[in-house]
Amino acid sequence: MNDSALYAQALPPGPVDPDTPLQLLGGMTPAEFMRDIWHQKPLLIRQAIPGIVPPVTREALFELADRDEVESRLITYFRNRWKLEQGPFAPDNLPTRKTRQWTLLVQGVNLHNSAAAELMGQFRFVPDARLDDVMISYATDGGGVGPHFDSYDVFLLQVSGRRRWRISAQADLEILPNLPLKILADFKAEDEWVLEPGDMLYLPPQYAHDGVADGECMTCSIGFRAPAYRELAGHFLAWLSETVEDNEALSGRYADPGEPATARPAQLPAGMARAVSERLQALRWSNAMVSEFIGTHLSEPKPGVEFATPAEIPLRKYGSLARSLGIVLAPGSIALYDRTHFFINGEAYEPPPELARWLRRLADRRQLTAAEVGECADLPDMMETLHHWTLEGWLQLAPQSHCNNA
């Protein structure tokens, strides 16, 4: 059987040792970075990745921007006017490379390119629940998106050409009105650097910055999720009403026996508001329930992600292949876990401890080697579960040319 959807193109990135110094972080350990820098102050790292090669070529990036399932944006600043267009874009419809001051942004490149996925894997010292994606910005000379701020942490890695960054810790974050982009009204730079290929700048949330291409260049933005509490609360209440079927506070329907006749039919009955208020106040949830919701919610695949499903393969044959090759999570799969649950692509499971051990290893390493599959294959339901997830497109067999038994 030779089904491209069944086999991974490359092995996924594994976890990062928190206590090993990394050139990526300027010689700091991930533990030191998270303690002293993360969410606190900017950090410029010269030659974070020496000799870096762009994850994708310019032509391959343009081809990605032409796909319906890939989010892309074109930002131009022609004749002193900002313009924003949403993709997809046919390569012939993009401005020419000789035209100044335009930028192409392509989101989620790590979902479509193994080199970008490997790059993102180097930042897995931050929990996967926070790690978002790799966006690649291609810009011609003078191109940029204007001075702005992000609501999340970001690493800005220069992968080709040069880009001049100016940053500011200013408290004034007022936005110019009536523009397609959120551009700061009064940006006052405090620091300025030109980044060469391999250089990287980390910025915490709300830090004003402006990056302008010095000639043709390409920049990778490794971004992080920072969901708003209001958004999470709305999703949690919806999840609570759908999943907690035995919650007495939400059982039954509103009823109003003894309600008197009214001469004011449009007036809202006071008893209705009181009854609903009492039911809502009786709602109870635990930290474990919140953790289950967060794991389910944050493991939902990104919008537009579609899993390629392989042709049907018998369980016995699949087991033989998995034992000889190993398995990997598909690029679009998100796997998380807490003390009692394993989450994959929005689904929550409560595996027994012997299964949980292996599923957690799968989530942390995004793969199980052939030897590891062999160790856990005889556990009840293990192989059936892996087989089911593979047929869903969530798992793939390791590359056929790779030997996982070493």
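Going by the structure above, here's the rest.
Description of the structure in this document. (Residues numbered from 1 in each chain as written. Predicted model: local features only at pLDDT ≥ 70, side-chain atom pairs only at ≥ 80, totals over all residues. Heavy atoms only, no water.)

### Description of the sheet that holds strand 11 (residues 335–337)
Within the open sheet, the three strands sit side by side as 11-12-13. Their pairing is antiparallel. Of all strands in the sheet, those bounded by a partner on one side alone are strand 11 and strand 13 (347–349). Mean inter-strand twist for the sheet, computed between neighbouring axes without regard to direction, equals 20°. In this structure, strand 12 (residues 342–344) lies alongside strand 13, joined through three bridges in antiparallel fashion. Paired with Ile344 across the bridge in strand 13 is Glu347. With respect to the sheet, helix 6 (residues 287–298) is in contact with strand 11, strand 12 and strand 13, its orientation differing from that of strand 12 by roughly 25°. Lying on the sheet, helix 8 (residues 353–365) is in contact with strand 11 and strand 12; it crosses strand 11 at an angle near 130°. (Pairing = 2+ DSSP bridges. Helix = DSSP H or I, 4+ residues; strand = E, 2+ residues; numbered from the N terminus. Axes fitted to C-alpha atoms, helices over the stretch in contact; angles between N-to-C directions. Contact = heavy atoms within 4.5 Å.)

### Details of the sheet that holds strand 15 (residues 395–397)
One open sheet accounts for three strands, arranged 14-10-15; its pairing is antiparallel. The sheet is open, and its two borders are formed by strand 14 (367–368) and strand 15, each paired with just one other strand. Of the strand pairs in this sheet, strand 10 (residues 327–329) and strand 15 are connected by three bridges, and their pairing is antiparallel. Looking across to strand 15, one finds that Ile327 is bridged to Leu397.

### Description of the pairing of strand 5 (residues 131–139)
The side chains of a regular strand alternate between both faces of the sheet. Of all nine residues that make up strand 5, eight are buried, and the element is covered over most of its length. Pairing geometry for strand 5 and strand 9 (residues 208–224), over eight bridges, is antiparallel. Looking at strand 9, one finds that Asp133 is bridged to Gly223. (Buried < 20%, exposed > 50% of the residue type's maximum accessible area, 1.4 Å probe, protein only.)

### Side note on the pattern of salt bridges
A complete count under the given rule lists 19 salt bridges for this structure. For the salt bridge of Lys83 with Glu85, the shortest nitrogen-to-oxygen distance reads 4.0 Å. Take Lys83: its relative accessible area is 45%, and that puts it in the partly exposed class. Asp186 is the partner of Lys188 in a salt bridge, and the nearest nitrogen-oxygen pair spans 2.2 Å. Through salt bridges with shared partners, a single network forms among Arg58, Glu59, Arg97 and Glu216. (Salt bridge = Lys/Arg side-chain N within 4 Å of Asp/Glu carboxyl O.)

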